[in-house]
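Each chain is listed here by its residues.
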Amino acid sequence: APRPDPAFAFLPNSRGSGWKRRDSGVYVTSQCVGAASWFPCNDHPRDKASYSFRVTVAKPWTAAANGVLTEVIEEGEARTFVFDARDPMASYLATLNVGEFGVLESKGPRGIPMRISHPLDASEGELAGFRRQGEVLEFLEMILGPYPFEAAGAVMQYEPAPGALECQTLPVYGRGCGIEIILHELAHQWFGNSVSVDLWRDLWLNEAFASYSEWLWLENTEGVEA
């Protein structure tokens, strides 16, 4: 059965990288080499592919994966969710999440579909930053150019988690992430996901551009002195 890669289990509050089963369901965050914990792959950022997901879960559970939700098949007490991620994607950015989620659905710039999967008990305070995701994408398009993918979703985990990961089209967040972290992970869709590093040792470049984008957002929303 899939289980986390223990390579990063030394990090605070970490249970390893890749496939993680928790009380509330399943979450997948695989940076750097956790993708091999749940499917066979080369697991290097240079080796990209398109992906399709067919995920069957018992009701009332739901699934969230990369790309566009193209079909939901009702099968008695189960449902199958079909997602297509047609743009090339590094394996560590693939994610699959299962839980009893609520979903915020809306449109981003140029009609980009946005699906925010969140705990049923999420507070308005926890959802506030995600309700501004369209605004964040408009800002990032202004400074970085057109959003590079077909969808722009998110998953908020039930349990606390250290930070977030910029899974392609579907960043996965711990509870309590504010708008700066949301902007950071969305900036990675350009730098890190669409434009990827050639070697793992260059991963700091992904973080540098995303962190710089945070500063530009702060300047735009609160002024130069902030």
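Let me begin by describing the structure that accompanies this report. Predicted model only: the values in this text are computed from it and were never measured. (Residues numbered from 1 in each chain as written. Predicted model: local features only at pLDDT ≥ 70, side-chain atom pairs only at ≥ 80, totals over all residues. Heavy atoms only, no water.)

With that settled, consider the environment of Ala36. Looking at the secondary structure, you find Ala36 in the loop between strand S2 (25-29) and strand S3 (48-58). Sequence separation between Ala36 and Arg3 is 33 residues; the distance between their C-alpha atoms is 9.7 Å. The residues contacting Ala36, other than those within four sequence positions of it, are Cys41 and Asp43. (Helix = DSSP H or I, 4+ residues; strand = E, 2+ residues; numbered from the N terminus. Contact = heavy atoms within 4.5 Å.)

Further remarks concern the packing of aromatic side chains. For the coordinates displayed, the defined rule picks out 13 aromatic pairs. Centre to centre, the rings of Phe191 and Phe209 are 4.1 Å apart; their planes meet at 10 degrees, and the pair counts as stacked. With Phe191 in the loop between helix H3 (179-187) and helix H4 (203-222) and Phe209 in helix H4, this pair connects stretches of sequence that are 18 residues apart. Cluster of aromatic residues (ring-pair linked, three or more members): Trp19, Trp38, Phe39, Tyr51 and Phe53. (Phe/Tyr/Trp six-rings, centres within 6.5 Å; stacked < 30°, edge-to-face > 60°.)

What follows deals with the sheet that holds S3. Note: strands within a sheet are paired through backbone hydrogen bonds, in either parallel or antiparallel orientation. In spatial order, the strands read S3-S6-S5; together these three strands make up an open sheet with antiparallel pairing. Edge positions in the sheet fall to S3 and strand S5 (68-75), since each of these pairs with one other strand and no more. Taken pair by pair, the neighbouring strands of this sheet meet at an average axis angle of 15 degrees, ignoring direction. In terms of strand pairing, S5 meets strand S6 (residues 78-90) through seven bridges, oriented antiparallel. By the bridge assignment for S6, Leu69 is matched with Phe83. (Pairing = 2+ DSSP bridges. Axes fitted to C-alpha atoms, helices over the stretch in contact; angles between N-to-C directions.)

Before going further, it helps to spend a moment on the packing of H3 against H4. Packing of H3 against H4 brings their axes to within 8 Å, and their N-to-C directions diverge by 135 degrees. The orientation of H3 with respect to H4, classified from their angle, is oblique. As H3 packs across H4, the resulting crossing turns out to be right-handed. Contacts between H3 and H4 involve Ile179, Glu180, Leu183, His184 and Ala187 from the first element and Glu207, Ala210, Ser211, Ser213, Glu214 and Trp217 from the second. Of the residues contributing to the contact of H3 with H4, the split by class is five nonpolar, three polar and three charged. (Parallel < 35°, antiparallel > 145°, perpendicular 65-115°, else oblique. Left-handed = near helix turned anticlockwise from the far one by under 90°. Nonpolar A, V, L, I, M, F, W, Y, C, P; charged D, E, K, R; others polar.)

Another aspect to go through is the sheet that holds strand S11 (residues 164-165). Spatially, S8-S9-S10-S12-S11 is the arrangement adopted by the five strands of the open sheet, whose pairing is mixed. This sheet does not close on itself; its edge strands, each paired only once, are strand S8 (101-107) and S11. Two elements, S8 and strand S9 (residues 113-119), share seven bridges in a ladder whose sense is antiparallel. Bridge pairing links Val103 to Ser117 in S9.

A few words on the packing of helix H2 (residues 133-144) against H3. At a minimum axis distance of 10 Å, the contact between H2 and H3 shows a crossing angle of 50 degrees. As the angle between them shows, H2 and H3 are arranged oblique. Judged by the sense of rotation from one axis to the other, the crossing of H2 with H3 is right-handed. Contacts between H2 and H3 involve Gln133, Val136, Leu137, Phe139 and Leu140 from the former and Ile179, Ile182, Leu183, Leu186 and Ala187 from the latter. Considering only residue class, the contact of H2 with H3 consists of nine nonpolar, one polar and no charged.

Below, the discussion takes up the pattern of salt bridges. Enumeration over the complete set of coordinates arrives at nine salt bridges. Among the salt bridges present, the one from Glu105 reaches Arg115, with a minimum N-O distance of 3.3 Å. Of the two residues, Glu105 is situated in strand S8 and Arg115 in strand S9; the sequence distance between them amounts to ten residues. In this structure Glu105 comes out as exposed when scored by relative accessible area, which is 61%. Note that Asp121 and Arg175 form a salt bridge whose closest N and O atoms lie 3.2 Å from each other. (Salt bridge = Lys/Arg side-chain N within 4 Å of Asp/Glu carboxyl O. Buried < 20%, exposed > 50% of the residue type's maximum accessible area, 1.4 Å probe, protein only.)

Let's shift gears to the nonpolar core. It is characteristic of soluble globular proteins that their nonpolar side chains tend to be buried jointly. Formed by 26 residues in total, the largest nonpolar core has its most connected members in Phe130, Val136, Leu137, Leu140 and Tyr147. Put simply, the parts of the chain that give this core at least two residues each are S9, helix H1 (124-131), H2, strand S10 (154-156), H3 and H4. The greatest single-element share of this core, amounting to five residues, is contributed by H3. Here Tyr147 is in contact with Arg110, Ile112, Leu137, Glu141, Ala152, Thr169, Gln189 and Trp190, once residues within four sequence places are set aside. Core analysis: the second largest hydrophobic core is formed by 24 residues, Ala65, Phe83, Ala85 and Leu93 among them. (Core = buried A, V, L, I, M, F, W, Y, C linked by side-chain atoms within 4.5 Å.)

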